[in-house]
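Commentary on secondary and tertiary structure
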Amino acid sequence: MKIVIAGAGNVGIHLAKLLAGENQDITLIDESPEKLARLDSSFDLLTIQESPVSLHGLKEAGAGSADLFVAVTTDESRNIISAQLAHYLGAKKTVARINNYEYLQPKNMEYFNSIGLDSLIYPELLAAKDIVDGMKLSWIRQWWEFAGGALVMMGIKLRDNAQILNKPLAQLGKELPYHIVAILREGETIIPSGNDTMQAGDLVYFMTMKKHIPHIRKIAGKEELPDVRDVIIMGGSRIAVRTAQLMPDYMKLKIIESDMERCERLTELCDDKVMIINGDGRDPSLLMSEGIEHTEAFVALTDNSETNILACLAAKRFGVTKTIAEVENIDYINMAEKLDIGTVINKKKIAASHIYQMMLDADVTNVKCLTFANADVAEFNVIEGARITRSQVKDISFPRGVTIGGLIRNKEAIIVTGTTQIQPGDHVVVFCLEGMIKTIEKYFN
Amino acid sequence: MIHVKIIHRILGVLLLIESGILLLCALLPVFYGEDDMFGFIMASLISACCGMTFMMIGKSARKREGSMTRRDGYIVVAISWVLFSIFGSLPFYVSGYIPSFTDAFFETMSGFTTTGATIIQDVEVIPHGLLFWRSLTQWIGGLGIVFFTVAVLPIFGVGEVQLFAAEAIGPTRNKLHPRISISGRWIMTVYLLITVLCAVSLRLCGMGVFDSVNHALTTAATGGFSTKNASIAYFNSHSIEYVITFFMFLSGINYGLLFFLAFRGQVRKLLEDTQFKWYVVFLLMFTAIVGISLFISTPYDAAASLRNALFHVTAIITTTGFTSTDYTLWPPFIWMILGLCFYFGACAGSTTGGMKIIRIAVLFKSMRNEFNRILHPNAVLPVRINGKVISTSTRQSVLTFSIFFFALVFIGWFFYLAIGIDIAEAYGISLSCLSNIGLTIGTHGCNIPWSDMPAIGKWFSTFLMLVGRLEVFSVLLIITPAFWKHN
């Protein structure tokens, strides 16, 4: 598959690395020789030093024969023009990164399709959705919905008070209302089998249905944690603005921003629900006077990953139960996890995983990249005669590191156990270690 | 730099227009067979002559068209209101129905500024022609004299932007159309529509044709001149009171929004408007307070309490100043509440006077922010109107406006006290002139006892009316020395 990526920014580079590991033909086009130099020498991809909006440059990069063209420069209008040009040259599918909420509205999609844009992505909005989901269910670190919300997957940090610690999974009981699909322990991802146990400090990924959420909360020992009502966001970035807009009405938000001009701009972007505070979010006395001790959630969204991590640590000391840090430096993500920062948001990973799903050739409709666990979640529609349908799940010789979380059959969600028989037409949610999706596709086709 | 010639030319045109309108009014005496025709003909001739003279002086300005400045705009607006009142008072004066020029000028200024305070002891003996002219002054002044003439006859082709800006300096700008003269015509259409609907409704409620037209003119303009001594109480009809209440309410809404409602069917635009919401809330809140107080403290039954409260609160908040009963006979507590309503005015962009709801809203929100600022010293606290942040300079000008307004109320109060008027009444007159209402409070009745007032009091009142009608700054600006300096 031939993929052309325009723009060697954070998202572009991350995506290029991700796809290069998948043995795809990647061409990266950018004007800046410095950005390209590092990539060319260390990854299996082609770089072209040309403007992403020059026809000549796009031709040279082979945009005309590309199966997928991804425009992810920092400038929205350049992305749109670049994708349009690629479409004109003959690219089969184009994706452009945008910064404007209006463009995403379904009624405008037809227009964008007509000018040669097949898909638009808005990383800040995706990140804001993750943050708001995280605050709505504050005791959950990560949260995904599958098949329109019929199945949910939750990442929960287990503490000493959880009821399910230190027991092999096989002994937890039959017909459980949940399926444990992954355990993250000290930076290592485990796709558990029946003999594995959960320990205090593990980040455990449960697959379940919405009606069982209270049960999970109970067994995970999270019942006494308060719901999030007061939120402080440090750093008035675009993600902060989108978060403010997506937040439910019962939450009260304060945004702390150090730049006065940005503060004034924020007052125009946000409504009366949000209080804008001019100051340094790392200043304990400011946090005290703004009531950090009565705040349930602290979100650090400045441009600086280190600042975000430190501010979250400080907020934890004030007793904030839910902290969320934007960490754009991928090397810091594991460290942030070790330091017990609650949820980590990474715009690049979110955007890249969103694009990644577009190049999967199977009937995959959703792949989400987990920020902590080096794992992918994929959804498959099971085809008539696929290998997976031949016997019960426990008798199929899956490679290690793959587990089936749940499935949707006739619009009803089912939690998959060893004795489940998968049938053609089922919509299956699979959990696997990073990069394994290609190898498990053959079980479903 | 002040362009004397352009100013003369525009004023000349305006006077010719007034002359034309006066000439049309001269037809009414013919129709009714009354003796006021001479007054109209004379007034028309005199203003035509003056207009011509002004035109002659400003003749050579044609070559330099387009060079009109903001200063010229302010001068034209302020002077045109005074000139219109001077020439508009001639029919009363020449025909002898108001023998004193001071009184005639007062009556006309009270008309053009839509104040509605009348000097005439017995309105019912005045001929139909003069009564109609009296009502028409309010209708012309309702949206502003310059606005009216520019919107009806776009003959200047120059300086419209400056003139409109000088006449309506409210804190909001909502142009309906990129071309200001077309916006003006659209707003005039709404105005005309309200007036016609009001006249038809009043006629259907049993009012005579002449009275319907006059009351429609003064209701749409939120002026308050009546053709009867007892104002609306004369008709003694609940339906007429409700109809007038409704049209006063309508005229208090921003005309831009009314335009979108009537001609584009955009109901949401109106309902989501901050100013409209505050306007309705104020009306309902004060109606409830006054209504309940009336029900408790007077012999009125519930329906009468509600009707009286609604009518008077609407008449005062929209600065119309109609009365259906003498509210000063109610307990002082109630008329003091009405006295509080004297300040508000209705929405900016309507025909009402007063401070305007939008300024009150900005003021309230700024006050709330001050309290918040004490609790959160680092917070950046914006004032939002319709979801949009109001700029600091707009906020400041609203605050300055309010201070000036309050200061003028007090200056007026002291002035009236000094010329020997009762303390409550002096306050009422001062505020009422500035807000263009035309009623007062106090123990001597709700109508202002002008006949007892010395001439200087009347002239001062006309000054207050003009200052209030042109929203303080336009008039005060041209009496500051800095305005006349060349740089």
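For clarity, every value in this text was computed on a predicted model and none was experimentally measured.

1. Topic: the overall build of chain B
Secondary structure assignment for chain B yields 23 helices and 3 strands. Scaling as 2.2 N^0.38, a compact globule of 487 residues should have a C-alpha radius of gyration of about 23 Å, and chain B matches this with 22 Å. Overall, the C-alpha framework of chain B stretches about 60 × 60 × 50 Å when taken along its three principal axes. Scored against the burial criterion, the 487 residues of chain B give a buried share of 53%. Across chain B, every contact between residues at least 6 apart in sequence was considered, and the portion connecting residues at least 24 apart equals 72%.

2. Section: the overall build of chain A
Assigned secondary structure in chain A consists of 14 helices and 22 strands. Against the compact-globule benchmark of 22 Å for 445 residues, chain A has a radius of gyration of 22 Å, which places it among compact chains. Across its three principal directions, the C-alpha atoms of chain A cover 65 × 65 × 45 Å. Across the 445 residues in chain A, those meeting the buried criterion constitute 47%. At a minimum sequence separation of 6, the contacts of chain A that also span at least 24 residues come to 61%.

3. A closer look at the domain arrangement of chain A
Residue and element names in this part refer to chain A. Segmentation of chain A into domains returns domain 1 (2-121), domain 2 (122-225 + 321-445) and domain 3 (230-320). A straight line from the C-alpha centre of domain 1 to that of domain 2 covers 30 Å. Facing the 21 residues of domain 1 at the interface are 16 residues of domain 2. Elements that contribute at least two residues to the side of domain 1 that touches domain 2 include exactly α1 (10-20), β4 (68-71), β5 (94-97) and β6 (119-121). Ranked by the residues each element gives to the side of domain 1 that touches domain 2, the list is headed by α1, at 5 residues.

4. Quick look at the interface of chain B and chain A
Listed by partner, the interface residues are 8 residues for chain B and 13 residues for chain A. Its residues assigned to classes, the side of chain B that touches chain A comprises 4 nonpolar, 3 polar and 1 charged. Pairing analysis gives 2 bridges linking strand β14 (residues 274-278) of chain A to strand β1 (residues 379-380) of chain B, with the strands arranged antiparallel. The residue bridging I277 of chain A from the neighbouring strand is A379 of chain B, located in β1 of chain B.

5. Some thoughts on the pairing of strand β15 (residues 297-300) of chain A
Residue and element names in this part refer to chain A. Going residue by residue along β15, you find A297 and V299 tucked away on one face and F298 and A300 tucked away on the opposite face as well. Bridge count between β15 and strand β16 (residues 322-326): 4 bridges; the pairing is parallel. Across the sheet, the residue bridging to A297 is K322, located in β16. A crossover connection joins β15 to the parallel β16 through helix α11 (residues 305-317); in handedness this β-α-β unit is right-handed.

6. Examining the sheet that holds β16 of chain A
Judged by pairing direction, the sheet is mixed, and its 7 strands sit side by side in the order β17(A)-β16(A)-β15(A)-β12(A)-β13(A)-β14(A)-β1(B) without closing on themselves. One side of each edge strand has no neighbouring strand; the edge strands of this open sheet are β17 (343-345) of chain A together with β1 of chain B. Each of β13 (252-257) and β14 of chain A together with β1 of chain B is contacted by helix α9 (residues 260-269) of chain A, which is oriented at about 170° to β14 of chain A, the strand it contacts most.

7. Here's the deal with the nonpolar core
Core analysis: the biggest nonpolar cluster contains 139 residues, and A220 and V313 of chain B have the highest contact counts within it. The element best represented in this core is helix α1 (residues 4-25) of chain B, accounting for 10 residues. Core analysis: the next-biggest nonpolar cluster, separate from the first, contains 92 residues, A16, F112, A325 and A351 of chain A among them.

8. As for the environment of C50 of chain B
Note that C50 of chain B resides in helix α3 (residues 37-57). Along the primary structure C50 of chain B and F415 of chain B are separated by 365 residues, whereas in three dimensions their C-alpha atoms are 34 Å apart.

9. Examining the sheet that holds strand β3 (residues 46-49) of chain A
Residue and element names in this part refer to chain A. Taken together, 6 strands build an open sheet; the order of strands is β3-β2-β1-β4-β5-β6 and the sheet is parallel. Of all the strands in the sheet, just β3 and β6 have a single pairing partner and so form its edges. Sheet twist, expressed as the average angle between the axes of neighbouring strands with direction ignored, equals 20°. Bridge count for strand β1 (residues 2-6) against strand β2 (residues 25-30) is 5 bridges, and the pairing is parallel.

10. Structural notes on the packing of helix α20 (residues 423-434) of chain B against helix α21 (residues 455-469) of chain B
Residues and elements named next belong to chain B. Between α20 and α21, the shortest axis-to-axis distance is 7 Å and the interhelical angle comes to 45°. Here α20 lies oblique to α21, going by the angle between them. Judged by residue contacts, S430, C433 and L434 of α20 engage S461, L464, M465, V467 and G468 from α21. Of the residues assigned to the contact of α20 with α21, the class counts are 5 nonpolar, 3 polar and no charged.

11. Side note on the environment of N381 of chain A
Residue and element names in this part refer to chain A. Within the secondary structure layout, N381 lies in strand β19 (residues 375-381). Since 17 C-beta atoms lie within 10 Å of it, N381 is described here as partly exposed. Separated by 54 residues in sequence, N381 and G435 have C-alpha atoms that sit 19 Å apart.

12. So, unusual backbone geometry
Residue and element names in this part refer to chain B. The residue N386 is not glycine, and still its phi comes out positive at about 55°. Looking at the secondary structure, you find N386 in the loop between β2 (384-385) and β3 (388-389). Its 15 C-beta neighbours within 10 Å are what place N386 among the partly exposed residues. A positive phi angle, near 65°, is found at V472, a position not held by glycine. By C-beta crowding, V472 is classed as buried, having 21 other C-beta atoms within 10 Å.

13. Quick word on the pairing of β5 of chain A
All names here are of chain A. Residue alternation in β5 divides its side chains into two sets, T94 and A96 and V95 and R97, and both sets are buried. Sheet topology note: the β4/β5 ladder contains 3 bridges and is parallel. Residue F69 lies in a different strand from β5, and its bridge partner there is T94. Handedness of the β4-helix α4 (residues 76-89)-β5 crossover: right-handed. Relative to β6, β5 runs parallel, the two being bridged by 3 bridges. Bridging across to β6, A96 finds its partner in L120.

Criteria and cut-off values
Residues numbered from 1 in each chain as written. Chains lettered and ligands numbered in written order. Predicted model: local features only at pLDDT ≥ 70, side-chain atom pairs only at ≥ 80, totals over all residues. Helix = DSSP H or I, 4+ residues; strand = E, 2+ residues; numbered from the N terminus. Rg over C-alpha atoms; globule rule 2.2 N^0.38 Å. Buried ≥ 20, exposed ≤ 12 C-beta atoms within 10 Å, placed from the backbone. Contact = placed C-beta atoms within 7 Å. Domains from an automatic or database assignment. Nonpolar A, V, L, I, M, F, W, Y, C, P; charged D, E, K, R; others polar. Pairing = 2+ DSSP bridges. Right-handed = clockwise from strand over helix to strand, strands pointing away. Axes fitted to C-alpha atoms, helices over the stretch in contact; angles between N-to-C directions. Core = buried A, V, L, I, M, F, W, Y, C linked by C-beta atoms within 7 Å. Parallel < 35°, antiparallel > 145°, perpendicular 65-115°, else oblique.

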